[in-house]
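# Observations on chain architecture
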Amino acid sequence: MEKQVILLGVNIDHVATLRQARGTRYPEPVQAALIAEQAGADGITAHLREDRRHIQDRDIYLLREMLQTKLNLEMAVTETMIAVALAVKPHACCLVPERREELTTEGGLDVVAAPGRMRDACQTLAEAGIEVSLFIDPDFAQIDAAVKAGAPVVELHTGRYADAQTLQEQQQELLRIQHAAQYAHQAGLQVNAGHGLSLHNVEAICRLPQIVELNIGHSIIAQAVFSGLDQAVRDMKRIMREVRLHI
Ligand SMILES: CC(=O)[C@@H](O)[C@H](O)COP(=O)(O)O
Ligand SMILES: NCC(=O)COP(=O)(O)O
């Protein structure tokens with residue numbers, strides 16, 4: 001398989017978490033996005049949650065106007081969110097599961113359980129010129145359902161890999177992701193990955209040649225607290241590039 005550059009989408013949700021903690025006007029997520037782009041981010045991801053715990057609607061509209069790369073809007077599969085996406089027209093939409101009581105995303109979208117709803121959402125967004133990706137667990141049945149729904153892209157959930165408590169568990173989950181990436185690629189899908197990735201665990205995912213793009217947020221924003229956002233993005237891009245060059 002030809003060696004491809006692996007792209008980095010920087011998720012800026014938790015810049016907005018800091019702002020919402022006090023209801024101030026700072027830190028400005030749009031400013032963070034522009035810094036991330038100048039540091040080498042290939043795109044910006046923002047999750048407009050139904051409970052608006054971090055990213056706000058105004059952030060999405062401003063990002064759409066200001067970004068030099070691409071806006072990947074993460075959202076639940078609801079009529080309300082689809083209406084927002086059709087109004088904003090981001091470059092891409094990643095459809096994710098959401099539960100208000102969750103601390104963060106806990107799993108992948110269950111495409112198998114709602115094939116019609118997923119197909120309709122994919123079709124509506126695609127007709128508006130939006131590239132749709134489905135955030136799913138590394139599971140063959142979910143990959144098959146994503147193909148049937150007409151999604152051109154899947155983002156494999158790496159949360160169980162990132163949260164693994166033992167080396168054995170981590171290796172098992174990595175193997176699951178590897179097989180899912182191969183299967184999804186063979187099915188003609190673009191394969192992205194994300195959730196819980198950091199400088200400490202990203203290398204093994206970068207070694208999977210089918211992975212086109214990683215969406216990483218929490219660990220980059222956390223590192224930015226100490227080394228600044230520009231450096232945090234550059235550090236992540238560098239490790240991704242070096243690992244991919246040597247697979
Ligand atoms: C789908 C996913 O894994 C993340 O992109 C998502 O944004 C996590 O939600 P929080 O950013 O609210 O933790
Ligand atoms: N879809 C994954 C994403 O955008 C960022 O997830 P995380 O790095 O904040 O866990």
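Looking at an unreviewed UniProt entry, the protein carries the name Pyridoxine 5'-phosphate synthase, with the source organism given as Methylomonas rapida. The heading Catalytic activity (unreviewed entry) in the UniProt record of the protein holds the text "3-amino-2-oxopropyl phosphate + 1-deoxy-D-xylulose 5-phosphate = pyridoxine 5'-phosphate + phosphate + 2 H2O + H(+)". Regarding the protein, the UniProt comment filed under Function (unreviewed entry) reads as follows: "Catalyzes the complicated ring closure reaction between the two acyclic compounds 1-deoxy-D-xylulose-5-phosphate (DXP) and 3-amino-2-oxopropyl phosphate (1-amino-acetone-3-phosphate or AAP) to form pyridoxine 5'-phosphate (PNP) and inorganic phosphate."

## Considering helix H6 (residues 140–149)
Listed in full, the buried residues belonging to H6 are Gln142, Ile143, Ala145, Ala146 and Ala149. Projected down its long axis, H6 carries its buried residues within an arc of 160 degrees, all on one side. Regarding H6, its N-cap is Asp139, as a side-chain oxygen of that residue lies 2.9 Å from the backbone nitrogen of Ala141 further along. Gly150 lies just past H6 and shows a positive phi near 90 degrees.

## Some thoughts on empty space enclosed by the protein
Within the structure shown, the criterion is met by 1 cavity of 30 Å³ or more. Of the voids in this model, the largest cavity is the one considered here, and its volume is about 40 Å³. Forming the walls of the largest cavity are Lys70, Asn72, Ala92, Glu131, Ser133, Val153, Asn192 and Glu213. For the lining of the largest cavity, the residue count by class is 2 nonpolar, 3 polar and 3 charged.

## Examining unusual backbone geometry
For residues that are not glycine, phi is negative in most cases, and the peptide bond is trans in most cases. In this chain, Tyr26 is followed by Pro27 through a cis amide linkage whose omega measures -10 degrees. Along the chain, the position of Pro27 falls in the loop between helix H1 (13–22) and helix H2 (29–38). At Arg52, a position not held by glycine, the phi torsion is positive, near 50 degrees. Position of Arg52 among the secondary structure elements: in the loop between strand S2 (43–47) and helix H3 (57–66). For Arg52, a relative accessible area of 22% gives the class partly exposed. At His195, a residue that is not glycine, the phi angle is positive and equals roughly 105 degrees.

## Examining the pattern of salt bridges
Applying the stated criterion across every chain yields a total of 15 salt bridges. Between Arg19 and Asp59 there is a salt bridge, with the nearest N and O atoms lying 2.6 Å from each other. Of this pair, Arg19 sits in helix H1 while Asp59 sits in helix H3, placing them 40 residues apart in sequence. As far as burial versus exposure is concerned, Arg19 and Asp59 are alike and both buried. Where Lys70 meets Glu213, a salt bridge forms, and the shortest distance between an N and an O atom there is 3.0 Å. Pair noted here: Lys70 is in the loop between H3 and strand S3 (71–75) and Glu213 is in strand S8 (residues 211–216), with a separation of 143 residues, a long-range link.

## Digging into the site of ligand 1
Around ligand 1, the neighbouring residues are Asn11, Asp13, His14, His47, Arg49, His54, Glu74, Val96, Thr104, Thr105, Phe135 and His195. A distance of 3.3 Å separates an oxygen atom of ligand 1 from a polar atom in the side chain of Asn11. At a separation of 2.7 Å, an oxygen atom of ligand 1 approaches a polar side-chain atom of Arg49. Alone, ligand 1 offers 350 Å² of accessible surface; in the complex the protein occludes 92% of this. The cavity where ligand 1 resides is the largest pocket.

## Focus on the UniProt feature "binding site: 1-deoxy-D-xylulose 5-phosphate" (unreviewed entry) in the protein
Mapped onto the present numbering, the UniProt feature "binding site: 1-deoxy-D-xylulose 5-phosphate" (unreviewed entry) falls at Asp13, His14, Arg49, His54 and Thr104. Spatially, the listed residues are clustered: although they cover 92 residues, their C-alpha atoms lie within 12.4 Å of one another. Of the annotated positions named here, the largest pocket is lined by Asp13, His14, Arg49, His54 and Thr104. One can find Asp13 in helix H1.

## A word on the nonpolar core
Ile12, Leu134 and Leu214 are the most contacted members of the largest nonpolar core, which totals 76 residues. Broken down by element, this core gets its largest block of residues, 7 residues, from helix H11 (residues 229–245). When near neighbours in sequence (up to four residues on either side) are disregarded, Ile12 contacts Pro29, Ala32, Ala33, Ile44, Thr45, Ala46, Ile55 and Leu63.

## Overview of the packing of aromatic side chains
Considering all chains together, one arrives at 1 aromatic pair under this definition. Pairing Phe140 with Tyr183 gives two aromatic rings, centres 4.1 Å apart and planes at 5 degrees, and the pair type is stacked. You can see Phe140 sitting in helix H6 and its partner Tyr183 sitting in helix H8 (residues 167–186), a full 43 residues away along the chain. What makes Phe140 partly exposed here is its relative accessible area of 38%. Overall, the relative accessible area of 25% leaves Tyr183 in the partly exposed class.

The rules behind these values
- Residues numbered from 1 in each chain as written.
- Chains lettered and ligands numbered in written order.
- Predicted model: local features only at pLDDT ≥ 70, side-chain atom pairs only at ≥ 80, totals over all residues.
- Heavy atoms only, no water.
- UniProt positions renumbered as here; feature names shortened; annotations may be inferred.
- Buried < 20%, exposed > 50% of the residue type's maximum accessible area, 1.4 Å probe, protein only.
- Helix = DSSP H or I, 4+ residues; strand = E, 2+ residues; numbered from the N terminus.
- Arc of directions from axis to C-beta.
- Polar contact = N/O pair within 3.5 Å; in protein donor to acceptor, adjacent residues only side chain to side chain.
- 1 Å grid on protein atoms, 1.4 Å probe; cavity = no way out; pocket = protein on both sides within 12 Å on 5 of 7 lines; lining within 4 Å.
- Points joined across faces, edges and corners; volume = space filled by probe spheres on them.
- Nonpolar A, V, L, I, M, F, W, Y, C, P; charged D, E, K, R; others polar.
- Salt bridge = Lys/Arg side-chain N within 4 Å of Asp/Glu carboxyl O.
- Near = heavy atom within 4 Å.
- Areas by Shrake-Rupley, 256 points an atom, 1.4 Å probe, with all protein chains shown as cover.
- Sits in = over half its atoms within 2 Å of the grid points.
- Core = buried A, V, L, I, M, F, W, Y, C linked by side-chain atoms within 4.5 Å.
- Contact = heavy atoms within 4.5 Å.
- Phe/Tyr/Trp six-rings, centres within 6.5 Å; stacked < 30°, edge-to-face > 60°.

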